[in-house]
Amino acid sequence: MREGQRRILVVEDELTIAESIAARLRAEGFEVELAHDGPAAVAKAEQVVPDLIVLDLMLPGFDGLEVCRRVQAHRPVPVLMLTARDDETDLLVGLAVGADDYMTKPFSIRELAARVHALLRRVERSVVVHEGNRAESTIVLGDLEIDPVERRVQRAGEPAHLTPTEFELLAHLAGRPRAVVPRERLLSEVWGWTDPAATRTVDSHIKALRRKLGADLIRTVHGVGYALEVPK
Ligand code: CA
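Residues numbered from 1 in each chain as written. Predicted model: local features only at pLDDT ≥ 70, side-chain atom pairs only at ≥ 80, totals over all residues. Heavy atoms only, no water.

Looking up the chain in an unreviewed UniProt entry gives the name Alkaline phosphatase synthesis transcriptional regulatory protein phoP, with the organism given as Kibdelosporangium persicum.

Chemist: I'm lost on the domain arrangement of the chain in this one. Help?
Modeler: It is common to give the size of an interface as the accessible area that goes away when the parts come together. Here the domain parsing of the chain yields domain 1 (7-128) and domain 2 (134-228). Here the C-alpha centroids of domain 1 and domain 2 sit 23 Å apart. Contact with domain 1, which involves 19 residues of that partner, is made by 18 residues of domain 2. Carbon and sulfur atoms make up 50% of the area that domain 1 and domain 2 hide from each other, which totals about 1,500 Å². At the boundary of domain 1 with domain 2, the tally comes to zero salt bridges. Scanning the region where domain 1 abuts domain 2 turns up three residue pairs in polar contact (both at pLDDT 80 or more). Of all elements in the fold, only helix 4 (86-95) and helix 5 (109-131) reach the threshold of two or more residues within the side of domain 1 that touches domain 2. Across the side of domain 1 that touches domain 2, the residue classes break down as nine nonpolar, five polar and five charged. (Domains from an automatic or database assignment. Contact = heavy atoms within 4.5 Å. Buried area = accessible area lost by both parts, 1.4 Å probe. Salt bridge = Lys/Arg side-chain N within 4 Å of Asp/Glu carboxyl O. Polar contact = N/O pair within 3.5 Å; in protein donor to acceptor, adjacent residues only side chain to side chain. Helix = DSSP H or I, 4+ residues; strand = E, 2+ residues; numbered from the N terminus. Nonpolar A, V, L, I, M, F, W, Y, C, P; charged D, E, K, R; others polar.)

Chemist: Sorry if this is basic, but what is going on with the sheet that holds strand 9 (residues 158-160) here?
Modeler: Backbone-to-backbone hydrogen bonds pair the strands of a sheet. The strands run either parallel or antiparallel. The strand order 6-7-8-9 describes an open sheet built from four strands, whose pairing is antiparallel. Only two strands of the sheet have a single neighbouring strand rather than two, namely strand 6 (139-141) and strand 9. When the angles between neighbouring strand axes are averaged without regard to direction, this sheet yields 20°. Summarising the sheet, strand 6 and strand 7 (residues 144-147) pair through three bridges and their orientation is antiparallel. Bridge pairing in strand 7 places Leu-141 opposite Leu-144. Lying over the sheet, helix 6 (residues 164-174) contacts strand 6, strand 7 and strand 8 (152-155), oriented at roughly 115° with respect to strand 7. (Pairing = 2+ DSSP bridges. Axes fitted to C-alpha atoms, helices over the stretch in contact; angles between N-to-C directions.)

Chemist: Explain the coordination of the calcium ion here, please?
Modeler: When a metal carries six donors in an octahedron, the ideal angles between them are 90 or 180 degrees, while four donors in a tetrahedron ideally lie at 109.5 degrees. Looking at the calcium ion, the protein donor atoms are Asp-13 (OD), Asp-56 (OD) and Met-58 (O), and they sit 2.1 to 2.3 Å from it. All donors of the calcium ion come from a single chain, and their spacing in sequence reads D-x42-D-x1-M. Here the residue Asp-13 occupies a position in the loop between strand 1 (7-11) and helix 1 (15-27), and Asp-56 occupies one in strand 3 (residues 52-56), the gap between them amounting to 43 residues. Among the residues examined, Asp-13 registers a relative accessible area of 30% and is labelled partly exposed. Among the residues examined, Asp-56 registers a relative accessible area of 3% and is labelled buried. (Donors = N, O, S within 2.8 Å, 3.2 Å for Na, K, Ca; no water. Buried < 20%, exposed > 50% of the residue type's maximum accessible area, 1.4 Å probe, protein only.)

Chemist: I would appreciate a short explanation of the packing of aromatic side chains in the present structure.
Modeler: How two aromatic rings sit relative to each other is given by the distance of their centres and the angle of their planes. Scanning all chains against the criterion turns up zero aromatic pairs. One Lys or Arg, Arg-70, reaches over the ring of Phe-62 and ends 4.2 Å from the middle of that ring. (Phe/Tyr/Trp six-rings, centres within 6.5 Å; stacked < 30°, edge-to-face > 60°. Lys NZ or Arg CZ within 6 Å of the ring centre and 35° of its normal.)

Chemist: Would you mind showing me how to read the environment of Lys-212 here?
Modeler: Structurally, Lys-212 can be placed in helix 8 (residues 199-213). The exposure class of Lys-212 is partly exposed, given its relative accessible area of 30%. The spacing of Lys-212 and Leu-91 is 121 residues in sequence and 19 Å in space, taken between C-alpha atoms. With near-sequence residues (within four places) excluded, Lys-212 lies in contact with Ala-160, His-161, Leu-162, Thr-163 and Glu-166.

Chemist: Even after reading the chapter, I still don't get the UniProt feature "modified residue: 4-aspartylphosphate" (unreviewed entry) in the chain, so can you show me in this structure?
Modeler: Here, UniProt's "modified residue: 4-aspartylphosphate" (unreviewed entry) annotation points to Asp-56. The residues contacting Asp-56, other than those within four sequence positions of it, are Val-11, Glu-12, Asp-13, Gly-64, Leu-82 and Lys-105. (UniProt positions renumbered as here; feature names shortened; annotations may be inferred.)

Chemist: Please explain the pattern of salt bridges as it appears in this structure.
Modeler: Close approach of charged atoms allows side chains of opposite charge to pair. Per the counting criterion, the structure on display carries 20 salt bridges. Between Glu-31 and Arg-7 there is a salt bridge, with the nearest N and O atoms lying 3.4 Å from each other. Of this pair, Glu-31 sits in strand 2 (residues 31-35) while Arg-7 sits in strand 1, and the two are 24 residues apart along the sequence. Notably, a salt bridge pairs Lys-105 with Asp-56, separated by 3.0 Å at the nearest N-O pair. Of this pair, Lys-105 sits in the loop between strand 5 (101-104) and helix 5 while Asp-56 sits in strand 3; the two residues are 49 residues apart in sequence, bridging distant segments of the chain. We note that Lys-105, like Asp-56, is buried. Several salt bridges share partner residues, and in doing so they unite Glu-12, Glu-14, Asp-56 and Lys-105 into one network.

In structure tokens, the structure reads:
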């Protein structure tokens, strides 16, 4: 592997789709590993430590949700989830499963490659920002503590395991506590998107943050956006 080369794990049981995704990503300079069922995906993720996982939802063995859960339990890794239908994506967004982005089949391979690049840029940009601020101290808001260098979060002394996107979203809200941040602005600043139809992606990640850190932490301002409350 060349230094700095990014490693992507592609998990897809339909071999023609898996191969075409792999071919495109390799052509773009990524190192690509493949897995074709749930258990193999988890084993492969532990073995190769990918920078990002492209993960089909419906898989033999166990499904993409379970793969996501097991892999994320070890360390946060960005996940681009593939679904067969739009309503599956809606369901997953509602469940806030910990994926960073979703695509519904059939999709263009070119668009998938663009999403992979965007997701990696998002993760890497945030690392660079935080490494550039070594002196930056832990943000303490009531019983919530955010360490921007180590990218660790805890509430009332309990560590929370956030995905890279969840961390970015929380850090954005924590940068302006109590202020209402519009969903469109979060979408453009955290995800780098300007498509207003995609704001439900923000909603799903807010849901995940509430599940992991407590429902009282983030206030919904209907029709506008979200605000981080300062916990007691
Ligand atoms: Ca499948």
